[in-house]
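Chain by chain, the residues:
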Amino acid sequence: MNKLELIDLMTGVKSSKKTYYTELKKTVDQLKKKNMQLEIMNDITKNMNMDIDIQEILRNVITKLKQLITFDDSHFVILYEEEPALLHICPNGHCELEMDSKNLLHPFQGFSSALKDKQPIQVEVKRLPDFPEKERLLSLEIESLLLVPLYGKSKKIGIWTFGRKKKKTWHKDELEFLEQLSNQLALTLENAQLYKEVLHSKQEWEDTFKAVEDMIIVFDHKGTVYQSNDSARDFSDLVPLIEKSQNLIQDTFSFNKPGFQEILLQHDTILEMHAYPIQNKEHQVYGVIAYYKNVTERRQMEVQLLHAGKLGAIGEMAAGVAHELNSPLTAILGNSQILLRKTPQDNPDYMLLNDIKICGDRCRQIVKSLLTFSRQDEYRFHYYSINETIHQVLNLLKFQLGKKQISLHLTLQEDLPFIKGSQPQIEQIIINLLLNAKDALDESTQKEKSIAITTYSENKFMVVQVTDNGTGIEKERLPFIFHPFHTTKDREKGTGLGLSVSLGIAKDHGGKIDVLSTPGQGSTFFLRLPIQGEERG
Amino acid sequence: MSITKFVMPEVIFGKGSIEQAGEACLRLGAKKALIVSDSGVANAGWLDKVIKSCQDAGLAFATFIEMTTNPKDREIEAGCLEFKEQECDAIIGLGGGSALDVAKGVALLVTNGGIISDYEGVDKVHSPLPPMVMIMTTAGSGSEVSQFSVIVDSFREKKMTIISKSLVPDIAIVDPGTLTTLGPDLTAATGMDVLTHAIESYVSIAATPLTDVQAKNALSIVSRHLRPSVASRHNDEAKKAMAMASLQAGLAFSNAILGAAHAISHAIGGKYLLPHGEINAILLPHVMDFNRIASPRRFSEIADIMGIDTRTLTEQQAGMAAIHFVRELSQDIGAPKSLSDVGITKEMIDPIGMTALEDACMITNPRDMSLEQISQLLLTAL
């Protein structure tokens, strides 16, 4: 500094005392600027974790940046498959170009050198080679263009351009801030991309989780539900289910091994539960995932299949036994009849012979039942009246029932159509139902014992309803009453084949037998047979 | 220079104006002031007056009086620490040049940070200083109105001249009453300093019509009132006149800067810690003699202002008469005549020249000065 300059500093007009006011104003201005810079940075960082539209972020940033730095035009040129593509233009409406592979920008030297050197560079628009943007920039009277490279953690993302109408040079502070901002923005762009991928895969997992029809529940270490899928949430008995799961969950936590159990809920719902431990990186269990499969229907089907299998085997065996027994029985019955005829009734042997004959008859009846059960005896189907059938049966049983002081109540719908089937077999079912009712009343202590028989049509079925006010059937026994050889009666009285055979016959006719029973109050059996024909009785 | 500038603080002048200190500081927006002074001033009772004025005004305060003559950098750092610890927000300087320069130094460091040598030279201050009220108790330094602070760099053994408009205090209180407690030696030494300020700023190459008025007034007053002021502690008229002379000389040199006498005096004072006024008194006639040819007219005018009848003299003769007047005045009031009187020997001269050449005051000296010329001048002054 020369002498005159020094004198000027000491005594010249420009040498002024610094005042708090001006310094404060300067400081406030600087703070405002810094605040705005921080706000912009904050905006970018804040949006980093949200699934927000990138265009939206860029628009916000540029709007705020305009208050801080003077520029007339700004673009984001994002590398699109190694080619710079124009992603966004601001101020809005300045350009019609959109990110579209048809509108790819032809990169010029400046783009690649800014990216290569990782440094902002300033170019004069007039001197640029022709590319689609140049025309637009010139029409906006943009004279100088600043190219700021956008770099993510590792890869180059693109270029951020700022156009100015006047060839004003960029201040060092502005460049520094733009560099910082572009770094942050590049990271955000990169993260947004990653975030979207993560979100997408998370969504996929959630959808998968949702799509599973079986119940999936994730438990935490306290055994409380941490997460569950829709089917678990919709399950009506969720609370008892979770209660019954606790032991296995705790075991899974304690032993760090998958476990399995069956859970029986109300209404005979059966669930298979698999529990798997969830481990963190240190192999510590922090949760248990429980998978529940409702196997009620499958079990029922399995039981039915088993039933059917059993029936098949029994049928075959029964048929064999019946055939084998038929010949000796014929001999026993024939011979006993001959002997009976020859023996006067006052002969002491007469009673013995008569017993032989009665027992023979009884055996033949059993053999006949066995053959029916095993479908060995064929019946031809024909049209018959169900009410008529009931009357025939009652003719046979009226006496027996009357003897036991059982009153009969008949309510038969009169205009029922004829149905097609084997009348003797249906007779057998009805006999069976009436005899069961009689037996139930035998053991009952009811003062007025009654059996009600009702017929009616219901949808496409004809129903024979047999109700007694006898002992009823215990709930636990209900599922088994149709099983072969299931009986509660004395050995001499029942074979345990009655209902099983009846059900077989009903099914052969396309029908079914249902039962409602209350222990101590009685039972109602419903024989439902399909109405096929048009002939009416 | 066709455009000129004159910077000065608010000035409160008059006997008893020291009692305005607290109120003045309060007006500047202060809540707690650090009063920077020295033990001599405190013993004379002026510190108590200032404290009382603060109490009366309801202004909180702290005091810092640990300092010596020729203010050192470490004293400023200590003061700065005190300022911060006491959470002060304004400075009251009370005393002679040393106390006021320390006060300015403290004010400078508390807002600008760093160490005091960072600000040596011209216009290095970047942040405004806290409000400053300066009360002078010697008719000499002019520091209460100047943009100067002269501090000893104890490591480099030199006086640093710090010049910045930011060092101009906000309010200067000039109370002639304070001069009544000064002894004759100090009155003489500081009075010679005023004379040096007046003459150097009048012949400075940065002098302006505005500074000339101040310099001439100061010169005229000193010529007439210094002798009576030294002679009696209780000559109120002389004290009032010297206080005014000191103030005006201060305004003059603050805006026109000084010359070789001060540049050399700073160099000697910094190295050997000798009283500033006395060195100036010894150097002034020699520097005037050296500078005379640069502006014979101005030197002749100086003689005029001093009251010498120059009508029959040439400009050269008048200039010589002025120098003679200074020597006579100096002798009358008992100021030391030569450097050897204050203990300087020939061997001690050599290191002084370079330091003097670097001093900011040298810039405005009317005649260019070489190292040899400084040595020659010092030899003559021995």
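Report on the accompanying structure. (Residues numbered from 1 in each chain as written. Chains lettered and ligands numbered in written order. Predicted model: local features only at pLDDT ≥ 70, side-chain atom pairs only at ≥ 80, totals over all residues. Heavy atoms only, no water.)

1. A short note on the layout of surface pockets
Residues and elements named next belong to chain A.
No. 1: When its volume is computed, the second largest pocket comes out at roughly 1,100 Å³.
No. 2: Lining the second largest pocket are 27 residues; nearest its centre among them are Gln300, Val303, Leu478, Pro479 and Phe480.
No. 3: Those elements that place two or more of their residues in the lining of the second largest pocket are helix H9 (296-342), helix H13 (498-508) and strand S16 (512-518).
No. 4: Among the elements that line the lining of the second largest pocket, the one with the most residues is H9, at eight residues. (1 Å grid on protein atoms, 1.4 Å probe; cavity = no way out; pocket = protein on both sides within 12 Å on 5 of 7 lines; lining within 4 Å. Points joined across faces, edges and corners; volume = space filled by probe spheres on them. Helix = DSSP H or I, 4+ residues; strand = E, 2+ residues; numbered from the N terminus.)

2. Quick notes on the sheet that holds strand S2 (residues 32-36) of chain B
Residue and element names in this part refer to chain B.
No. 1: Taken in spatial order, the six strands of this open sheet run S1-S9-S6-S4-S2-S3, and their pairing is parallel. Each end of this open sheet is capped by a strand with a single partner; those strands are strand S1 (10-13) and strand S3 (60-64). Taken over all neighbouring pairs, the strand axes of this sheet differ in orientation by 20° on average, direction set aside.
No. 2: Where helix H4 (residues 73-85) meets the sheet, its contacts fall on S2, S3 and strand S4 (90-95), and the angle it forms with S3 comes to roughly 155°.
No. 3: Packed onto the sheet, helix H8 (residues 236-256) meets S1, strand S6 (132-136) and strand S9 (171-174) and runs at close to 170° relative to S1. (Pairing = 2+ DSSP bridges. Axes fitted to C-alpha atoms, helices over the stretch in contact; angles between N-to-C directions. Contact = heavy atoms within 4.5 Å.)

3. A closer look at helix H12 (residues 423-442) of chain A
No. 1: Look at H12(A): 28 Å from first C-alpha to last across 20 residues, which is about the 28 Å you get at 1.5 Å a residue.
No. 2: Burial runs high along H12(A): 15 of the 20 residues are buried. (Expected span 1.5 Å × (residues − 1). Buried < 20%, exposed > 50% of the residue type's maximum accessible area, 1.4 Å probe, protein only.)

4. With respect to the packing of helix H11 (residues 296-305) of chain B against helix H12 (residues 315-332) of chain B
Residue and element names in this part refer to chain B.
No. 1: Between H11 and H12, whose axes approach to 7 Å, the crossing angle comes to 55°. Regarding the angle of H11 to H12, the classification is oblique. The interaxial crossing formed by H11 with H12 has left-handed handedness. Residues Pro296, Arg297, Phe299, Ser300, Ile302 and Ala303 of H11 lie in contact with H12, whose contacting residues are Glu315, Gln316, Ala318, Gly319 and Ala322.
No. 2: Residues belonging to the contact of H11 with H12 are distributed by class as follows: six nonpolar, three polar and two charged. (Parallel < 35°, antiparallel > 145°, perpendicular 65-115°, else oblique. Left-handed = near helix turned anticlockwise from the far one by under 90°. Nonpolar A, V, L, I, M, F, W, Y, C, P; charged D, E, K, R; others polar.)

5. Digging into the environment of B:Thr178
No. 1: Turning to its location among the elements, B:Thr178 is positioned in the loop between S9 and helix H6 (184-203).
No. 2: Here B:Met136 takes part through its backbone oxygen, which lies 3.4 Å from a polar atom of the side chain of B:Thr178. (Polar contact = N/O pair within 3.5 Å; in protein donor to acceptor, adjacent residues only side chain to side chain.)

6. With respect to the nonpolar core
One broad trend across soluble globular proteins is that nonpolar side chains are buried collectively.
Residues and elements named next belong to chain B.
No. 1: In this structure, Ile91, Leu195, Ile302 and Met306 are the most contacted members of the largest nonpolar core, which totals 77 residues.
No. 2: The element contributing the most residues to this core is helix H5 (residues 97-112), with nine residues.
No. 3: The two domains that each donate at least three residues to this core are domain 1 (10-179) and domain 2 (184-381).
No. 4: If we ignore the near neighbours within four places in the chain, the residues touching Ile302 are Ile199, Tyr202, Val203, Leu219, Met288 and Ala322.
No. 5: In terms of nonpolar packing, the next biggest core, distinct from the first, is built from 37 residues, Ala261, Leu283, Ile352 and Ile374 among them. (Core = buried A, V, L, I, M, F, W, Y, C linked by side-chain atoms within 4.5 Å. Domains from an automatic or database assignment.)

7. Things to note about the side chain of B:Ser164
All names here are of chain B.
No. 1: Relative to the helices and strands, Ser164 is located in the loop between strand S8 (158-163) and S9.
No. 2: Its relative accessible area of 3% is what places Ser164 among the buried residues.
No. 3: Polar side-chain contacts of Ser164 include one of 3.0 Å to the backbone nitrogen of Ser166.
No. 4: Other than its neighbours up to four places away in sequence, Ser164 contacts Asp123, Val125 and Gln147.

8. Examining the sheet that holds strand S5 (residues 121-122) of chain B
Residues and elements named next belong to chain B.
No. 1: Strand order in the open sheet made by the three strands is S5-S8-S7, with mixed pairing throughout. The sheet terminates laterally at S5 and strand S7 (148-153), the two strands that pair on one side only.
No. 2: Sheet analysis places S7 next to S8, joined by six bridges and oriented antiparallel. Its bridge partner being in S8, Ile151 is matched across the sheet by Met160.

9. Quick look at the environment of B:Ala207
All names here are of chain B.
No. 1: Considering the arrangement of structural elements, one finds Ala207 in the loop between H6 and helix H7 (209-231).
No. 2: According to the relative accessible area criterion, Ala207 is partly exposed, its value standing at 24%.
No. 3: Sequence spacing of Ala207 and Thr364 is 157 residues, and the spatial spacing of their C-alpha atoms is 8.8 Å.
No. 4: In this structure, Ala207 is in contact with Ser201, Tyr202, Asp212, Ala256 and Arg298, ignoring residues within four places of it in sequence.

10. What to know about the pattern of salt bridges
No. 1: Applying the stated criterion across every chain yields a total of 30 salt bridges over all chains.
No. 2: Two residues, B:Arg297 and B:Glu301, come together in a salt bridge whose shortest N-O distance is 3.5 Å. Here the residue B:Arg297 and the residue B:Glu301 both occupy positions in helix H11, the gap between them amounting to four residues, near one helical turn.
No. 3: For B:Arg297, a relative accessible area of 53% corresponds to the exposed category.
No. 4: Among the charged side chains, a salt-bridge network with shared partners connects A:Glu262, A:Glu272, A:Arg298, A:Arg299 and A:Glu302. (Salt bridge = Lys/Arg side-chain N within 4 Å of Asp/Glu carboxyl O.)

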